[in-house]
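Spelled out, the chains give:
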Amino acid sequence: MTGSDSPCIRLCRIDPASGLCAGCLRTLDEIAGWASFSEDQRRAINASLAGRSTTVAEAR
C-alpha cells in the first residue's frame, strides 16, 4: 500500500465506542470523503492509523 491507497479491507463495522471502523480504523467522515481528499490528506490519515488500533482495542 502506498501512502494514499485506501486502507479498506472490506471488514466494514463501526465500533460504537470509538467511532472507528473495525477493519480500516477510519472514521465515517474519512471513509465518506476518501475519494475527494487530496493525496496529502490521504497520506496523513494513513499515517495516523497505526496509533488508532489501541483506541479500538481499548473501547472493547
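This structure is a prediction, so every number in the text was calculated from the model and none was measured.

Novice: Could you give an account of the overall build of the protein chain, naming the residues involved and the relevant values?
Specialist: Looking only at helices and strands, one finds two helices and zero strands in the protein chain. Relative to its full complement of 60 residues, the protein chain shows a buried share of 32%. Counted over contacts in the protein chain with a minimum sequence separation of 6, partners at least 24 positions apart contribute 48%. Per element, the accessible surface of the protein chain, about 3,800 Å² overall, is 55% carbon and sulfur.

Novice: Run through unusual backbone geometry, naming residues and quoting values.
Specialist: Backbone geometry places Arg-10, a non-glycine residue, at a positive phi of 65°. Position of Arg-10 among the secondary structure elements: in the segment before helix H1 (28-33). Judged by its relative accessible area of 70%, Arg-10 is exposed. The residue Leu-25 is not glycine, and still its phi comes out positive at about 70°. For Leu-25, the position within the fold is in the segment before H1. Note on Leu-25: relative accessible area 14%, which makes it buried.

Novice: An account of the pattern of salt bridges is requested, with residue identities and associated values reported.
Specialist: What the rule picks out here adds up to four salt bridges. Between Arg-52 and Glu-30 there is a salt bridge, with its nearest N and O atoms 2.6 Å apart. Placement of Arg-52 in helix H2 (residues 39-59) and of Glu-30 in helix H1 is noted, with a sequence separation of 22 residues between them. Each member of the pair, Arg-52 as well as Glu-30, is classed as buried. By sharing partners, the salt bridges in this structure join Glu-39, Asp-40, Arg-42 and Arg-43 into a single network.

Novice: An account of the side chain of Asn-46 is needed here, citing residue identities and associated values.
Specialist: With respect to the element layout, Asn-46 can be found in helix H2. Polar side-chain contacts of Asn-46 include one of 2.9 Å to the backbone oxygen of Asp-5.

Each value, and the rule that gives it
Residues numbered from 1 in each chain as written. Predicted model: local features only at pLDDT ≥ 70, side-chain atom pairs only at ≥ 80, totals over all residues. Heavy atoms only, no water. Helix = DSSP H or I, 4+ residues; strand = E, 2+ residues; numbered from the N terminus. Buried < 20%, exposed > 50% of the residue type's maximum accessible area, 1.4 Å probe, protein only. Contact = heavy atoms within 4.5 Å. Areas by Shrake-Rupley, 256 points an atom, 1.4 Å probe, with all protein chains shown as cover. Salt bridge = Lys/Arg side-chain N within 4 Å of Asp/Glu carboxyl O. Polar contact = N/O pair within 3.5 Å; in protein donor to acceptor, adjacent residues only side chain to side chain.

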